Amino acid sequence: MNEPARPSRRRFFKAAGAAGVASAVPAAASAQQHAPAHAETYLFFNPAEAAFIEAAVARLIPKDETGPGAMEAGVPAYLDRQLAGAWGTGERLYRSGPWREGTPSQGYQLPFTPQELFRNAIRALNERHGDFVKLAPQEQDKFLDSLHSSKEDLGGVPASVFFESLLEATIEGFFSDPAHGGNRDMVAWKMIGFPGAYADFYELVDQHGLAYNSAPTSLAEDGRGRIHIHPVAHTGASSSAGGGRAPAKER
Amino acid sequence: MATRLPETDVVLLGVGLVGSILGRELTKAGLKVVGLERGEPRYTVPDFQGPAMHDELRYSVRKSLMVDTTKETYTFRNASSETALPIRRIQGFLPGTGLGGSAVHWNGQTWRFHDADFRMRSHANERYGREFLGLEYQFQDWGVTYADLEPYYDRFEYLLGVSGKAGNLGGKKIPGGNVLEEPRSRDYPTPPQKEPYGSALFRKAAEGLGYHPFPQPSSNLSRPYTNPEGQTLQTCMFCGYCERYGCEHFAKSSPQTVILPVLLKDRNFTLRTHCQVQRVNLDSSGKQATGVTYIDAKGQEIEQPAKLVIVGLFALNNVRMLLLSKIGEPYDPASGRGVVGRNYSYQTTSGVNVFFDEKVNINPFMRSGACGTVIADFVSDNFDHAKLGFLGGAYIGEVMSHGRPIEFHPVPPGTPAWGSEWKKAVVRSYNHTSVLNIHGSSITTRANYLDLDPTYRDAWGQPLLRMTFEFPENDVKMSAFCTDRATDIAKAMGGRQVVPSPRKRPYTTTQYQSTHNTGGTVMGEDRSTSVLNRFCQSWDVPNVFVIGASNFPQNASYNPTDTVGALAYWAADAIVKQYLKSPGPLAT
Ligand SMILES: Cc1cc2nc3c(=O)[nH]c(=O)nc-3n(C[C@H](O)[C@H](O)[C@H](O)COP(=O)(O)OP(=O)(O)OC[C@H]3O[C@@H](n4cnc5c(N)ncnc54)[C@H](O)[C@@H]3O)c2cc1C
């Protein structure tokens, strides 16, 4: 396996800047545009990795007229927690050799845990393409696009595999319950109209075409001891704006 | 050295759906039964409660309730010419683990097969002639007919409390039910579930084309129901977290809700969880089982002697257990000899997406696991195959079971995989897309089979099961034909874009298709082509009974579990009424 490459001191400071200390990097840095109000405390990512991840997810799911993007939704924090935890170290991953390259039908056959996969690939990317975080958004998009179809070896990880893993995990972080660190304030659910952990549509399912516009519910939120067991009528219970469970019927 | 325990009358391998039913029937017959389950004990309260249960990441994506593949998995290849490699992260099908087995996190789509399915070889010969399909196809008769199993289907459905509408009551056709089904002796225990919006659009479109839509039979209940075991189920709330989840509402039929509370109170029953069965032990003649060896939670090897051994480990694991225990001759695809692992088949599924205008709110999250509307006009041999060149068929329906966004965020073809365009397409499509499901049969061939892997092992040092599978030509044709029929209906549903995806080769383990793995311990009347006789009893070791979808000689259009449950009651009946009176082979 490759020698673990350490980021140079210079790159380290640059990266740290991109991650949080916005004023330390030139105004053109796109990561800066998406930087959170306060620096994230990362458990797994080192500053150089964090800089790469923040810049990349901000392009994979950008903030635009449809609403906040992966950066605003806290996807880097989600990725960090997942990588630091059980999934990162190979939860439910069969890890006995021999290791061989498989066919696409045989699925993932690399010897790396997600921690190893992300670390090796980002290290190689930062070594070879360290200016990624400083590129203009369109240039970053071009680079990510090239990774998607690239066979480049990133510390043993094919670039396309790394790209697919990053995209998949970014989408997970965007749409999973905020309890996992992403989808902050349920922004992704609000954007598409998904009600989250809410559990009872018995009274609504046959109101065909209903415009359901109640606020979503998160696992973290249900401190009210609500138990959704009996089909009690929600209709008319509360129609106050926002929190009510009596959505207007549209058609 | 293994610790040897006192002998018991019966040992159950696995306490999932099959184990729970056999445990109940055999303790009722006065036998002492020990149930060995590899996973955890778990119950509706506290283990399946909301809101924690409604965590898509934990249950759907990380697969918290499924087999722990750090310890054991399967190896896979598309053809014998390839080297099989381990499925390192299970995705394509999801065998469960823990008390209640996969029947905790199933969807509850509850279907009876047709008589033509049970008599597939004889029926095809009679209707289309012997030469209709090539010699590579090894489909065959089950040794039981629909009429044999009807009383056992009935029993199982009344245990579950299935919600549906009969379309054929003792020969009398009832419009609005499945008029193409085989006759049933009485109606479903509970009426159909409510019909969601997309399903209603499907029903109107299918009716307009002259088909016969009806509500899908569902084990997510339409109203409270008390079953013959005295267990009460509640009304399903359409929460949208069913498949891959336990039900917090006591509304999905599962061993936990329909039978375990009674079984676990029975003094004749002993449950041991965290026990990994290694093999069935045989005496020196190899014709009599003496019990099983398992590894307990502390890692100790334990021998549990038993007079009768019931294998109910889920289809793929049943096959592996017989191979590890050297019960029956392993199948060899080169010579065509041997039976264990022969006739592995699956389910040939496909889909059609209907994208609507943004003013049409489909609300995909208001769903139950088995709600929706289907047609059976292209199931099994309900339509003439003479000019089609394939056998089998599919049910077609709008049976979406959820709108959980990590798994479900459809976009029209041509949309980039990420970036702003992707995001806009997700927002535009999410609540305005309906998906039709084409759930098709799977024929058996000489080349598709299961055996033990020569290289890869589980955490206890035993060989993994090796799967060799590719979609047979017959099924690719079937899928193209049935997906076309679904596309016609989809086009009549009023959407702005219809996108069909018929099933194509290669079969891949990276995309979830179904956990309807079938065959490998096939039942039948000819011991040269079956592992079990028609009572699910081993031809070679008569005090071993094997029950599961592994008994299917090929797979039908429908989901397997109603038939697995019927076979469980059928085998239990044969054990209690015949075998116990005179232990020995029940068929020759
Ligand atoms: C996600 C999903 C959705 C499904 N939806 C449907 C549906 O809608 N309709 C339908 O008809 N079917 C459905 N099924 C299939 C259904 O769950 C199975 O057909 C049914 O559970 C089979 O029952 P079984 O007893 O054979 O296996 P299981 O219920 O899986 O029980 C087998 C038990 O054996 C245990 N076991 C395995 N190996 C060992 C060992 N070595 N030692 C000890 N114990 C062991 C397992 O832990 C498990 O508890 C679905 C399955 C899944 C996974």
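Keep in mind the model is a prediction, meaning the values are calculated, not measured. (Residues numbered from 1 in each chain as written. Chains lettered and ligands numbered in written order. Predicted model: local features only at pLDDT ≥ 70, side-chain atom pairs only at ≥ 80, totals over all residues. Heavy atoms only, no water.)

(A) Expanded view of the overall build of chain B. Scanning chain B from terminus to terminus reveals 13 helices and 22 strands. The C-alpha atoms of chain B give a radius of gyration of 23 Å, which matches the 25 Å a tight globule of 588 residues would have. Structurally, chain B occupies a C-alpha span of about 70 × 55 × 50 Å along its principal axes. A buried classification covers 68% of the 588 residues belonging to chain B. For chain B, restricting intrachain contacts to residue pairs at least 6 apart in sequence, the fraction spanning at least 24 positions comes to 75%. Summed over its atoms, the accessible surface of chain B is roughly 18,800 Å², and 51% of this surface lies on carbon and sulfur atoms. Side chains of chain B give 62 positive and 57 negative charges; the mean places of these two sets differ by 3 Å. (Helix = DSSP H or I, 4+ residues; strand = E, 2+ residues; numbered from the N terminus. Rg over C-alpha atoms; globule rule 2.2 N^0.38 Å. Buried < 20%, exposed > 50% of the residue type's maximum accessible area, 1.4 Å probe, protein only. Contact = heavy atoms within 4.5 Å. Areas by Shrake-Rupley, 256 points an atom, 1.4 Å probe, with all protein chains shown as cover. Lys, Arg positive; Asp, Glu negative; His and termini not counted. Charge placed at Lys NZ, Arg CZ, Asp CG, Glu CD.)

(B) Up close: helix H5 (residues 120–128) of chain B. Residues and elements named next belong to chain B. Those residues of H5 lying buried are Met 120, Ser 122, His 123, Ala 124, Asn 125 and Tyr 128. Where H5 is buried, its residues meet helix H4 (115–118). Just beyond H5, the residue with positive phi is Gly 129, at close to 95 degrees.

(C) Structural view of the nonpolar core. Counting residues in each nonpolar core, the largest one holds 110 residues, and the members touching the most others are B:Leu13, B:Leu22 and B:Ile310. Broken down by element, this core gets its largest block of residues, eleven residues, from helix H13 (residues 561–579) of chain B. In this view, B:Ile310 contacts B:Val10, B:Val11, B:Leu12, B:Leu13, B:Leu22, B:Leu26, B:Phe545, B:Ile547 and B:Ile575; residues no more than four positions away in its chain are not counted. Listed in part, the 87 residues of the second largest apolar core include A:Ala58, A:Met71, A:Phe194 and B:Ile406. (Core = buried A, V, L, I, M, F, W, Y, C linked by side-chain atoms within 4.5 Å.)

(D) The arrangement of helix H6 (residues 146–160) of chain B in detail. Residue and element names in this part refer to chain B. Look at H6: 20 Å from first C-alpha to last across 15 residues, which is about the 21 Å you get at 1.5 Å a residue. Burial in H6 covers these residues: Tyr 146, Leu 149, Glu 150, Tyr 152, Tyr 153, Asp 154, Phe 156, Glu 157, Tyr 158, Leu 159 and Leu 160. Summarising the contacts, the buried residues of H6 are in contact with helix H1 (17–28), H4, strand S9 (225–226), strand S10 (232–233), helix H8 (255–258) and H13. Of the residues one or two after H6, Gly 161 is the one with positive phi, at around 80 degrees. (Expected span 1.5 Å × (residues − 1).)

(E) Representation of the layout of surface pockets in the model. Here the second largest pocket defines a volume of roughly 550 Å³. In the lining of the second largest pocket, the residues fall into eleven nonpolar, six polar and ten charged. (1 Å grid on protein atoms, 1.4 Å probe; cavity = no way out; pocket = protein on both sides within 12 Å on 5 of 7 lines; lining within 4 Å. Points joined across faces, edges and corners; volume = space filled by probe spheres on them. Nonpolar A, V, L, I, M, F, W, Y, C, P; charged D, E, K, R; others polar.)

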